[in-house]
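Analysis of the macromolecular model
For reference, the chains in residue letters:
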Amino acid sequence: MSLSLRLSLFYASLCLFGGVQLPFFPVWLKYKGLGPQEISIVIATTMFLRIVAGPVFAIIADRIGDRRRVVIALNWASLAAVGLLPFLDGFWQIFIVTLVLMAMWPSISPLIETIALAAAREQGVHYGRVRLWCSITFIVGSFGTGWLLGFNTPAIIAICLIGSIAINLVGAYLLAPDIPVRRKAPVRGNPFRGLFGGMLGFLRQPVFMLGITTASIIQSSHAVYYAFGSLNWQRQGYDDTTIGILWGVGIVTEITLFAFSVPVVRRFGATPLLAVGALAAVVRWGLTALNPPLYVLFPLQALHGLTFCAAHLGAMHFITNATPRGLAATGQSLYGALSSGVIMGGMTLAAGWLYEAYGAHAYWLPAGAGLVALLGCAALAGRWSGGELLRDENEDEDDVDRGHTNGSGPGC
């Protein structure tokens, strides 16, 4: 089985869970008797948990040099946690098990991104064409679960979550082993220095932090849309079918850009892609704040291919080119902690208050975030030349000499 096929199958299996969990987990929580405040506590806490969990597992993966093994272990732990859902009752049982589940499963994403981008750089795998299967199966998961809910109670949601992680576990075993990075023998002394030294190196590198913070701001500009987009359209009088089509337009443009990502990335590069995503965020969310008519909403939704996908590609290739291979998972997880944890969590909390007070005008917040990100892109363009920003001191010199650090391979 080819490496591209293995990665495509894993991405396809990975996002089935997201397609069930993102739209329908709150529905299951309500079915189990949790009120709105309890539901918000569960969801917000798991979001902020990613700030710690993802980097810890990524550091371990970089340290042992075998990300596939860590992915498989996280899948097994996720399956054990999600398997308890049908038997839980009461807030505290659900809260504790959900914390365990959402500490494990989201930590897989930065590891698989690292594996896929390394394969793109070193073996010519088309990153966008394997990554697009994630978007496709997200749609399958969400539509499939919605269809099952048409003739089942919300208890079926827990079964779908269990089945999706079981499928993802099969995909994890299909992953090819990492290409080994030869590392120097560990220096005696404080073991935590070697374990967390890579993370501290990233935190002390201002250009790297500028890049991932800028990318995180662009991604967090989706917070109002993810939380209140459908509710706002319902308030405008659009039916569920129209709302579903509007969401679908965004996913289709995302898939299309992923399919052609190699020539796009070669033509523009990481920083210009981030800038395009930031500019699109200003336009998309600024116009959405005005409650535009339906014929305007469709082209605005098509900008999802830029606000999400172009920015995602820019972030992935920035991290790939700026990061040593032996610390790639650590860099990815630090970006994930900022993007899906710190900044997205803060924007989501602010979005709730703004939407309750101002309705669609809450979209002015993400439009402003796009402007801030544009300034970040301008600063990044002036300070980053496209190469590595720090070095893995534990990596063998021969691996550096083989040229994996120049960021000029296929798919970059």
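Scroll up to find the structure this text is about.
Heads up: these notes are all about the structure in this document.

What counts and how
Residues numbered from 1 in each chain as written. Predicted model: local features only at pLDDT ≥ 70, side-chain atom pairs only at ≥ 80, totals over all residues. Heavy atoms only, no water. Phe/Tyr/Trp six-rings, centres within 6.5 Å; stacked < 30°, edge-to-face > 60°. Helix = DSSP H or I, 4+ residues; strand = E, 2+ residues; numbered from the N terminus. Buried < 20%, exposed > 50% of the residue type's maximum accessible area, 1.4 Å probe, protein only. Arc of directions from axis to C-beta. Core = buried A, V, L, I, M, F, W, Y, C linked by side-chain atoms within 4.5 Å. Contact = heavy atoms within 4.5 Å.

**Re the packing of aromatic side chains**
A full pass over the atoms with the stated rule returns 14 aromatic pairs. Note on Trp92 and Phe95: the rings are 5.7 Å apart at their centroids and 85° apart in plane angle, and the pair reads as edge-to-face. Taken together, the residues Trp92 and Phe95, both in helix H4 (residues 91–104) and three residues apart, mark about one turn of the helix. Classification of Phe95 as buried rests on a relative accessible area of 14%. Note on Phe318 and Trp384: the rings are 4.8 Å apart at their centroids and 75° apart in plane angle, and the pair reads as edge-to-face. Pair noted here: Phe318 is in helix H15 (residues 304–322) and Trp384 is in the loop between helix H17 (364–383) and helix H18 (397–401), with a separation of 66 residues, a long-range link.

**Here's the deal with helix H12 (residues 261–268)**
Structural remark: α-helix, 3.6 residues per turn; residues separated by three or four positions point the same way. Inspection of H12 places Ser261, Val262, Val264 and Val265 among the buried residues, and these make up the whole buried set. The buried residues of H12 occupy an angular sector of 165° when the element is viewed end-on, so they sit on one face. Residues of H12 that are exposed and angled more than 90 degrees away from the buried face: Arg266 and Arg267. Of the residues trailing H12, Gly269 is marked for its positive phi of about 90°.

**Quick word on the nonpolar core**
Counting residues in each nonpolar core, the largest one holds 102 residues, and the members touching the most others are Leu7, Leu85, Tyr127, Phe208, Ile212 and Phe318. At eleven residues, the largest contribution of residues to this core is made by helix H1 (residues 3–31). If we ignore the near neighbours within four places in the chain, the residues touching Phe318 are Val207, Phe208, Gly211, Ile212, Ala270, Leu380, Trp384 and Leu389. Core analysis: the second largest hydrophobic core is formed by 17 residues, Ile243, Leu246, Ala351 and Ala362 among them.

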